[in-house]
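A closer look at the structure
Single-letter residue listing:
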Amino acid sequence: MIRNVVAVVGDRVATFELGIVCQVFGLDRADDGLPVHAFAVCAPRPGAIPTTSGFSVQVEHGLDRIAGADLVAVPAWPQLDAPVPEPLLAALREAAGRGARVLTVCTGAFLPAAAGLLDGRCATTHWQFAELLSRRHPRVRVDPDILYVEDGPVLSSAGAAAGIDACLHLIRLEYGAATANALARRLVVPAHRSGGQAQYVEAPMPPPRTPYELSELLDWILEHLDRPLTVEVLAARAAMSPRTFARRFKALTGTTPHRWLLERRLQLAEELLETTDLSVEAVAVRAGFGGADTLRHHFAARRGVAPAAYRHAFHRT
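Right, let's walk through the structure included here. Keep in mind it's a predicted model, so treat the numbers as computed, not measured.

1. Regarding the overall build of the chain
What the chain contains, in helices and strands, is 13 helices and ten strands. Projected onto its principal axes, the C-alpha positions of the chain cover 60 × 50 × 35 Å. For the chain, with 317 residues in total, the buried portion stands at 50%. For the chain, restricting intrachain contacts to residue pairs at least 6 apart in sequence, the fraction spanning at least 24 positions comes to 63%. Summing over all exposed atoms, the chain offers an accessible surface of approximately 15,100 Å²; the carbon and sulfur share of this is 53%.

So this is what it looks like as structure tokens:
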């Protein structure tokens, strides 16, 4: 369980990316029923460190603060042209070696890559720097199309706001979907964004609005997840042909109707497993999977555990 979190900065601080980590792990939201973490910021050279936004932050801790952390967060690393201090790389290796997680935001992925923690593993970073990461660290399998990916001890995320997605994913893994959803509501962000970075790369202007707003359709889907919702059914409700609907849907959400619907159903199943005593079969029907076997298949494929094991870990009595 993540209790102790440290964010690492270098000779310059990426303000927004550090702020994301502070928002998720550095604020006491116990009054909202959310988990509280011991949190600190550290640097190889503590003191007043300039930010990328024209002001400085006072960092009190050195790298020794990493020794007790369950999670080491590396926000964007602005100084990519300078070598990473070896003591910092050694601290990351030591942390991962004793079982701590490493979370990176944007170009923060260059640090665990330099430490060798991503050799033979999949990682991501901002799409503008993906080629550079791959070129500098050819043993890392860089995927420039995804928002975040967890492989081994490292959870890496794409540019800036994708760090929020990665943090919420980590909260979901540690505390369950209900806690992640509550935190997302507190932050006023989606609990889960579908799609990947490709939808933000040189994206064209969205097409003109259709007579039937897709946003209304998405709300309707969420209220009727237990129904058999095929592309044909949804396209008819949106007054489009199936092909046009699928194209417009992907332009809006960054993913296919099937994958978006599957994720929403899995989220509902998680909530029901956490907050009710319904049988797995009843949860499967309520979430639109039809039966327990189908739910178990998708739950194992997308969440890595069986529904019963998930309930055992996160059910709220």
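Now that the structure has been shown, we can carry on.
2. Some remarks on the packing of helix 10 (residues 257–275) against helix 13 (residues 307–314)
If you want to describe how two helices pack, look at the angle between their axes and the distance between the axes. Between helix 10 and helix 13, the shortest axis-to-axis distance is 8 Å and the interhelical angle comes to 50°. Taken together, the axes of helix 10 and helix 13 lie oblique to each other. Both helix 10 and helix 13 take part in a crossing whose hand is right-handed. Contacts between helix 10 and helix 13 pair E270, L272, L273 and E274 from the former with P307, Y310, R311 and F314 from the latter. Counted by class, the contact of helix 10 with helix 13 contains five nonpolar, no polar and three charged residues.

3. Let's talk about the packing of helix 1 (residues 15–25) against helix 5 (residues 162–175)
Orientation of helix 1 relative to helix 5, taken along the N-to-C sense of each, is 25°, at an axis distance of 10 Å. In terms of their interaxial angle, helix 1 and helix 5 are classed as roughly parallel. As helix 1 runs across helix 5, the sense of the crossing is right-handed. Here I20, V24 and F25 of helix 1 come into contact with helix 5, specifically with G163, I164, C167, L170 and I171. Residues that form the contact of helix 1 with helix 5 fall into these classes: seven nonpolar, one polar and no charged.

The rules we used
Residues numbered from 1 in each chain as written. Predicted model: local features only at pLDDT ≥ 70, side-chain atom pairs only at ≥ 80, totals over all residues. Heavy atoms only, no water. Helix = DSSP H or I, 4+ residues; strand = E, 2+ residues; numbered from the N terminus. Buried < 20%, exposed > 50% of the residue type's maximum accessible area, 1.4 Å probe, protein only. Contact = heavy atoms within 4.5 Å. Areas by Shrake-Rupley, 256 points an atom, 1.4 Å probe, with all protein chains shown as cover. Axes fitted to C-alpha atoms, helices over the stretch in contact; angles between N-to-C directions. Parallel < 35°, antiparallel > 145°, perpendicular 65-115°, else oblique. Left-handed = near helix turned anticlockwise from the far one by under 90°. Nonpolar A, V, L, I, M, F, W, Y, C, P; charged D, E, K, R; others polar.

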